[in-house]
Amino acid sequence: MKNVILLIALFVSMAAVGQKLNNNKKAIIASVEKHEAELIKISDSIWALAETAFNESESSRILADYAEKNGLTVTRGVADIPTAFTATYGSGKPIISILGEFDALPGLSQKASPTKEPLNKDAPGHGCGHNMFGTASLGSAIAIKELMEAGKIKGTVKFLGTPAEEKFFAKVWMVEAGLWDDVDVNISWHPGANIEADVQSGLSLIDFIVEFYGQAAHASADPWNGRSASDALEIYTTGINYYREHILPTSRIHYHIQDGGQVVNVVPDYSKLWVRVRDPKRKVMLPTYERVKKMAEGAAIMANVDYKISLVSGIYETLVNRSGGEIMQKNLELLGPISYTEEETIFGKAIQKATGKEEVGMDSKISPLRETEKNPGGGSTDVGDVSWNVPNINLSVTVAPKDTPWHSWAVVACGGMSIGHKGMVYASKAMGMTMVDLFENPKLVEKVKEEYKTRKGDEVYEAMIDGPPPIGKD
C-alpha cells in the first residue's frame, strides 16, 4: 500500500511540473532534443580538436557554420579576432545574448577513459569543458530562434562565440568593440561538478609579462663580464614569495618561468616570467599589482640589468545578479536532476578513485540558491568584464563527478563521453527556458537590470588592456 501511495505522489508531482512548463518552454526542450545528436557531434569534434587560445579556427568554424545552417545571421572575425563571431536572429527588444567558449588548455590531452591516458602526448585538452560550453549555448540560441520564427516570442537573440578565455581573455576586447552595448541581459554557463544557479563571484585578475635583459658571458672563464638576467629573475621571484606573507588572505600571486636561460655555461642575457595577481575585488588587486611591478624594478637594479613589463590583459570579478539567479533556479527545479546509468556512475567513481577522491559518483541534485556571496572561489573569468557592462545570469551544470580536479585530464575524459553530453544538453535546456522567461516578461528584464545598476553603482568600467588582441602570441 505504501508503494502505491508513493507512486501516486510521484505521478502527481510530475503532473504539477508538467503544468508549470508552458508551451514555449516545452518547445525549448523539444528543440534541444531534436538537435541533441548534432550538438553532441559538434561537442565531440571540438573536444578532439582541442584548439588553444586564439588558435580555435576549426572549433569556431564548426559552431559558426551550424549557427548559419540553422538560420542565424553570422558575423565572423568580430573585434579584430579571427575566431570570434556573433550569430543573431530576430529584431527589436529585448536583446538577450548568450556566451559560447571553445578554447582548450595546453598539455591536457586525454582519452574518454577513467584512467589517465593521453589521446595525443603533450597535446591540449578540454580540461575546463569548453567543448560543451559553446555547443550548449548555441543549442539554446537555436531553440529561441525557432520560437521566434514560429511567432511565439519577440525580440533578438545574440550568440557570441568568445575565444581565448583560458589565456588572453578575449571578451575584454569584445566588450571594448561594443558587442554588448545594445544587449539587455546576458546568459552564461560553465561546466562544473554540480547543478547550480550561480550567484557567486570570481576573482579579478591582472596578467603581465616581466622580461630582464642583461649581458651574456662565459659562465666560468669570465662571468665578471656578464650581467645575469637569470639572477634578476631569481631575485624577483624571491621578492614575490616573501611578499606573499604580507598580502591579504584573499589575494593571490602566481608565476610561471618561461625562460630562465638556455645552457649552464652561459651567463643568461635574457629571462622571462609570466605573472598573475588576483583578488575578489579589482580595487584591492590593483595596488598589489603596482607593488609587484616595483619589485621587478628592484630586481633589475640589484642584478644590474634592464627590464620590461608588458600588460597582457586584466579582468574584473563577476558582478552577481541574484534576480537573474532566481529566474534560473526556478527553471532548474522544473527540469529536475540529471539521471545517470549504472555505467556512467561506475565511470564517475573510477575518475574519483584515480584522482584520490571519495568514490561517491555524480552530484545530480539541484543545489539551492546560495544565501551568501562570500565565497568567490579561486577562479577568474572574462565573463566578469561582460557582467560589468550588462546584467549577467550564470549557471553551473554537472559534467564531471563530485570533487573532480578542474583543469585536469579527468574533466577532459568526462567531456568526451555521455556524462559530459548529458550536462551539456541539460544546460542548453535550462538557459533556453530562462531566456523564454525574459522574452515573455518585460518586468523580469527590468528587475534584473535594476539590480545590475544598483550593484554597479557609480563605478566606471575600465578595460585592462593595452593595444590590440595578442593574436599569434605565446
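Quantities reported herein were computed from a predicted structural model and do not represent experimental measurements.

Parameters at a glance
Every chain is numbered independently, its residues counted from 1 as its sequence is written. In keeping with the model being predicted, local features are shown solely for residues with a pLDDT of at least 70 and side-chain atom pairs are shown and tallied solely at 80 or more, while totals for entire chains, interfaces and linings include all residues. The basis for the side-chain values is all heavy atoms of the structure; hydrogens and waters are excluded. Strands pair, by our definition, only if DSSP identifies at least two bridges between them. Counting from the N terminus, the helices are the DSSP runs of H or I reaching at least four residues and the strands are the DSSP runs of E reaching at least two. All axes are obtained by fitting lines to C-alpha atoms, using only the stretch in contact for helices, and the reported angles, taken between N-to-C directions, cover 0 to 180 degrees. Contact criterion: two residues are considered in contact whenever any of their non-hydrogen atoms come within 4.5 Å of each other. For the purposes of these results, a polar contact is taken to be a pair of N or O atoms within 3.5 Å, where, inside protein, one atom must be able to donate a hydrogen and its partner to accept one; residues adjacent in sequence count only when each atom of the pair is a side-chain atom. Salt bridge, as used here, is a side-chain nitrogen of Lys or Arg placed within 4 Å of a carboxyl oxygen of Asp or Glu. Under the scheme applied here, a residue whose accessible area is under 20% of the maximum for its type counts as buried, over 50% as exposed, and between as partly exposed, the area being computed with a 1.4 Å probe on protein chains only.

### Re the sheet that holds strand β2 (residues 85–91)
Thought 1: If you trace the 7 strands from one edge of the open sheet to the other, you get β1-β2-β4-β3-β5-β13-β6, paired in mixed fashion. The sheet terminates laterally at β1 (73–76) and β6 (196–198), the two strands that pair on one side only. Pairwise comparison of adjacent strand axes, ignoring direction, gives a mean angle of 20 degrees for this sheet.
Thought 2: Pairing of strand β5 (residues 185–192) with strand β13 (residues 392–398) involves 7 bridges; the strand directions are parallel. Bridging across to β13, S188 finds its partner in N394.
Thought 3: Helix-sheet contacts for helix α3 (residues 57–69) involve β1 and β2, and the interaxial angle to β1 is about 155 degrees.

### A short note on the side chain of D184
Thought 1: Relative to the elements of secondary structure, D184 occurs in the loop between α5 (171–176) and β5.
Thought 2: Polar contacts involving the side chain of D184 include one to the side chain of K93, which spans 3.3 Å.
Thought 3: In this structure the side chain of D184 is engaged in a polar contact, spanning 2.8 Å, whose partner is the side chain of K449.

### Focus on the pattern of salt bridges
Thought 1: Going through the model one piece at a time under the given rule, you end up with 23 salt bridges.
Thought 2: K25 is the partner of D437 in a salt bridge, and the nearest nitrogen-oxygen pair spans 2.9 Å. Of this pair, D437 sits in helix α12 (residues 418–440) while K25 sits in helix α2 (residues 23–49), placing them 412 residues apart in sequence. Of the two residues examined, D437 and K25, each falls in the buried class.
Thought 3: Of the charged contacts in the structure, one is a salt bridge between K365 and D363, with a shortest N-O distance of 3.1 Å.

### What about the sheet that holds strand β11 (residues 270–279)?
Thought 1: Here 4 strands make up an open sheet; going across it, the order is β9-β11-β7-β12 and the pairing antiparallel. Whereas interior strands pair on both sides, the edge strands pair on one side only; in this sheet they are β9 (252–259) and β12 (306–315). Pairs of neighbouring strands in the sheet enclose a mean axial angle of 20 degrees, with direction left out of account.
Thought 2: Across 10 bridges, the pairing between strand β7 (residues 204–213) and β11 is antiparallel. Across the sheet, E211 pairs through a bridge with K272, a residue of β11.
Thought 3: Most of the contacts of helix α6 (residues 229–243) go to β11, to which it runs at about 15 degrees, and overall it touches β7, β9 and β11.

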